[in-house]
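# Structural overview
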Amino acid sequence: MIIKLSLIVPVFNADSFIFDKLCLLSKWEAEIDYKVEIILVNDGSKDLTSSIIEDYIKKNNSTFKHVSYNKNKGKGFAVKTGMLEAKGKYRIFTDADIPYGLEIIDSMLYYLEFKEYDVCIGNRNSRQSKYLVKMSVIRKLSSKIFTTIISRYVVTGVNDTQCGIKGFTENTAKTLFNKSLFNGFAFDVEILYLSFKFEYDIKRIPVSFEGNDISTINLAPTSIKMLWDIFRLPFLYHFFNKYR
């Protein structure tokens, strides 16, 4: 059977919740009526994440694919690894805590398959979006500042580049992720930037945030690295021809 969807889940230091999410993914996989491959990419976790995933696959669901490496290389690298490992006609990535649920996947597939969009991204700032779990003031503020900078100077008109669920057609995913250079969290902006440059059709859809406010990243150094990557992005594209 042809694989319709590849769902890529980058994972880092998630041993406190990953078992429950694996159970959730198994339940969802059993309920849908199309062929899916679920690819879990362990991005060099230092806790028990990798062994929990391996044990779950061995005892509960051998259809899951587990890609793992020892050194933490960044979310962008993990997503890219999964996207290029994938075999599905459509490819979606979501965060390990499944913060936007799984029902949204059918909506994304509708726009990618039937409406023939090249890219479909979640938008937390839509009027139709809902927050079922409150985010911290610091997280909200940092997201607002970051989004304002990016939407004004880099990816004009996109008011949520960092939403952790995005989908692509097979050919679009291959093109974008074969060319992507950023291994860290700036990869979201890079992928959207290239999508606009390559004139892909992009659909933004509202999401409901139902995950948690637990973060495994160190906000200050991560933000500095993201801003550095993002501000050099136009130079890499226009002056150094890194994406041609």
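For the structure, check the block above.
Below or above, wherever it landed, is the structure these notes cover. Sequence order as written defines residue numbering, which begins from 1 separately in each chain. In keeping with the predicted nature of the model, local features appear solely for residues at pLDDT of at least 70, side-chain atom pairs appear and are counted solely at 80 or more, and the whole-chain, interface and lining totals rest on all residues. Note: side-chain values were computed over all heavy atoms of the structure, leaving out hydrogens and water.

## Section: the packing of helix α1 (residues 18–31) against helix α2 (residues 49–59)
What counts here: Axis angles are defined between N-to-C directions and span 0 to 180 degrees, where every axis is a line fitted to C-alpha atoms and, for a helix, only to the segment in contact. The secondary structure listing takes helices from DSSP runs of H or I that are at least 4 residues long and strands from runs of E that are at least 2 residues long, numbered from the N terminus. Crossings are classed by handedness, with left-handed meaning an anticlockwise turn of the near helix from the far one by less than a right angle and right-handed meaning a clockwise turn. Between two residues, a contact is recorded if the distance between any of their heavy atoms is within 4.5 Å. When residues are sorted by character, Ala, Val, Leu, Ile, Met, Phe, Trp, Tyr, Cys and Pro go into the nonpolar class, Asp, Glu, Lys and Arg into the charged class, and all the rest, Gly among them, into the polar class.
Where α1 meets α2, the axes come as close as 10 Å, and the angle between the chain directions of the two elements is 35°. Crossing handedness for the pair α1 and α2: right-handed. Side by side, α1 and α2 meet where Ile18, Phe19, Leu22, Cys23 and Ser26 of the first sit next to Ile52, Ile53 and Tyr56 of the second. Tallied by class, the residues present in the contact of α1 with α2 amount to 7 nonpolar, 1 polar and no charged.

## Points about unusual backbone geometry
This is how the line gets drawn: When accessible area is computed with a 1.4 Å probe and restricted to protein chains, residues below 20% of their type maximum are described as buried, those above 50% as exposed, and intermediate ones as partly exposed.
Backbone geometry places Asn13, a non-glycine residue, at a positive phi of 45°. Summarising the element assignment, Asn13 is placed in the loop between β1 (5–11) and α1. The phi torsion at Glu199 lies on the positive side, around 60°, for a residue other than glycine. If you trace the backbone, Glu199 turns up in the loop between α7 (187–197) and β8 (202–206). Classification of Glu199 as exposed rests on a relative accessible area of 69%.

## A short note on a nonpolar patch on the surface
For the record, the criterion: The patches reported here contain residues having more than 30% relative accessible area and no salt bridge. Joining distances are 9 Å for like charges and 5 Å for nonpolar side chains (Val, Leu, Ile, Met, Phe, Trp, Tyr). Throughout, the Shrake-Rupley method with a 1.4 Å probe supplies accessible areas, and for residues the shown protein chains are the sole cover considered. The salt bridge criterion pairs a side-chain nitrogen of Lys or Arg with a carboxyl oxygen of Asp or Glu, the two atoms within 4 Å.
Together, Phe235, Phe239 and Phe240 give the surface a local cluster of nonpolar side chains, amounting to about 390 Å² of exposed area. Structurally, Phe239 can be placed in the segment after α8 (219–238). Judged by relative accessible area, Phe239 falls into the exposed class, the value being 61%.

## Focus: the sheet that holds strand β4 (residues 90–94)
Let me state the cut-off plainly: Any two strands between which DSSP finds at least two bridges are classified as paired.
Here we have 7 strands laid out as an open sheet, ordered β3-β2-β1-β4-β7-β5-β8, and mixed in their pairing. At either margin of the open sheet sits one strand with a lone partner, and together these are β3 (65–69) and β8. Each strand axis lies, on average, 20° off the axis of its neighbour in the sheet, ignoring direction. Each of β1 and β2 (36–43) touches α1; the most contacted strand, β2, lies at about 165° to it.

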